[in-house]
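Chain and residue survey
Take a look at the letters that make up each chain.
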Amino acid sequence: MNIYVSNLSFNVEDEDLREFFAEYGEVTSARVIMDKFTNKSRGFGFVEMSDDEAAQKAIAELDGGMVEGRAIRVTVAKPREERSGNGGGGNRRSFSNSNSGSRW
């Protein structure tokens, strides 16, 4: 089962995340997500556990727990949504050829 952990201290590393969950069962992976430009923690991560029952127990017991003065959120990870290839950018302005004289 894939578990989403948020509101992590920026000091938490992959191995720390693994240790939080290891007492509940086998952790197959633990990863704190890092910003690709600054290489600093983004404050959340994912833990994969092989036993769903152990994972559910970890979620129930760790959700709301305090880690380095922060109450972490622990939930079942949702599947990643497909992103459209249109580039987004909903605040783009278009130029108009109207007679109003305004370019915006």
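Residues numbered from 1 in each chain as written. Predicted model: local features only at pLDDT ≥ 70, side-chain atom pairs only at ≥ 80, totals over all residues. Heavy atoms only, no water.

In this section: the sheet that holds strand E6 (residues 73-76). What the four strands build is an open sheet, ordered E2-E3-E1-E6; its pairing is antiparallel. A strand with exactly one partner marks an edge of an open sheet, and here the two such strands are strand E2 (27-34) and E6. For this sheet, the mean angle separating the axes of adjacent strands, direction not counted, is 20°. Across five bridges, strand E1 (residues 2-6) lies against strand E3 (residues 41-49) in antiparallel orientation. Within E3, the position partnered with Val-5 by the bridge is Gly-45. The strands that helix H1 (residues 14-22) touches are E1, E2, E3 and E6; relative to E2, the one it contacts most, it runs at about 140°. (Pairing = 2+ DSSP bridges. Helix = DSSP H or I, 4+ residues; strand = E, 2+ residues; numbered from the N terminus. Axes fitted to C-alpha atoms, helices over the stretch in contact; angles between N-to-C directions. Contact = heavy atoms within 4.5 Å.)

As a general feature of sheets, a regular strand has side chains that alternate between the two faces. As judged from the six bridges shared by E2 and E3, these two strands associate in the antiparallel manner. Looking at E3, one finds that Ala-30 is bridged to Val-47. Remark: six residues form the turn of the hairpin made by E2 and E3, two consecutive strands paired antiparallel; Asn-39 in that turn has positive phi of roughly 60°.

Quick look at the pattern of salt bridges now. Under the definition given, this model contains three salt bridges. Between Arg-18 and Glu-15 there is a salt bridge whose closest N-O contact spans 4.0 Å. Of this pair, Arg-18 and Glu-15 both sit in helix H1, separated by three residues, roughly a single helical turn. Overall, the relative accessible area of 27% leaves Arg-18 in the partly exposed class. Taking the shortest distance from any N to any O, the salt bridge between Lys-57 and Glu-61 comes out at 4.0 Å. Linking Lys-57 with Glu-61, this pair stays in helix H2 (residues 52-62), spanning four residues, or about one helical turn. The exposure class of Glu-61 is partly exposed, given its relative accessible area of 46%. (Salt bridge = Lys/Arg side-chain N within 4 Å of Asp/Glu carboxyl O. Buried < 20%, exposed > 50% of the residue type's maximum accessible area, 1.4 Å probe, protein only.)

Scored by pLDDT, the chain comes out at a mean of 86, with 78% of its residues at no less than 70. No element of the chain has a lower mean pLDDT than strand E4 (residues 66-67), which averages 92, and none a higher one than E1, which averages 98. (pLDDT = per-residue confidence, 0-100.)

Turning to H2, a few remarks are in order. Among the residues making up H2, those that are buried are Ala-54, Ala-55, Ala-58, Ile-59 and Leu-62. Burial along H2 is one-sided: seen end-on, the buried residues are contained in an arc of 140°. Looking at H2, the residues exposed on the side facing more than 90 degrees away from the buried face are Glu-53 and Ala-60. Those residues of H2 hidden inside the fold are in contact with E1, H1, E3 and E6. Phi turns positive, to about 85°, at Gly-64, one or two residues after H2. (Arc of directions from axis to C-beta.)

Once that is clear, we can look at the packing of aromatic side chains. For the structure shown, the criterion picks out three aromatic pairs. Plain terms: the ring middles of Tyr-4 and Phe-46 are 5.5 Å apart, the flat faces sit at 50° to each other, and that makes the pair tilted. Within this pair, whereas Tyr-4 is found in strand E1, its partner Phe-46 is found in strand E3, the two being separated by 42 residues in sequence. For Tyr-4, a relative accessible area of 29% puts it in the partly exposed group. The partly exposed category is assigned to Phe-46, whose relative accessible area is 28%. Aromatic side chains Phe-44 and Phe-46 sit 6.1 Å apart centroid to centroid with 85° between the ring planes, which places their arrangement in the edge-to-face category. Through successive ring pairs, a cluster of aromatic residues spans Tyr-4, Phe-44 and Phe-46. Over the ring of Phe-10 we find Arg-70; its NZ or CZ atom is 5.6 Å from the centre of that ring. (Phe/Tyr/Trp six-rings, centres within 6.5 Å; stacked < 30°, edge-to-face > 60°. Lys NZ or Arg CZ within 6 Å of the ring centre and 35° of its normal.)

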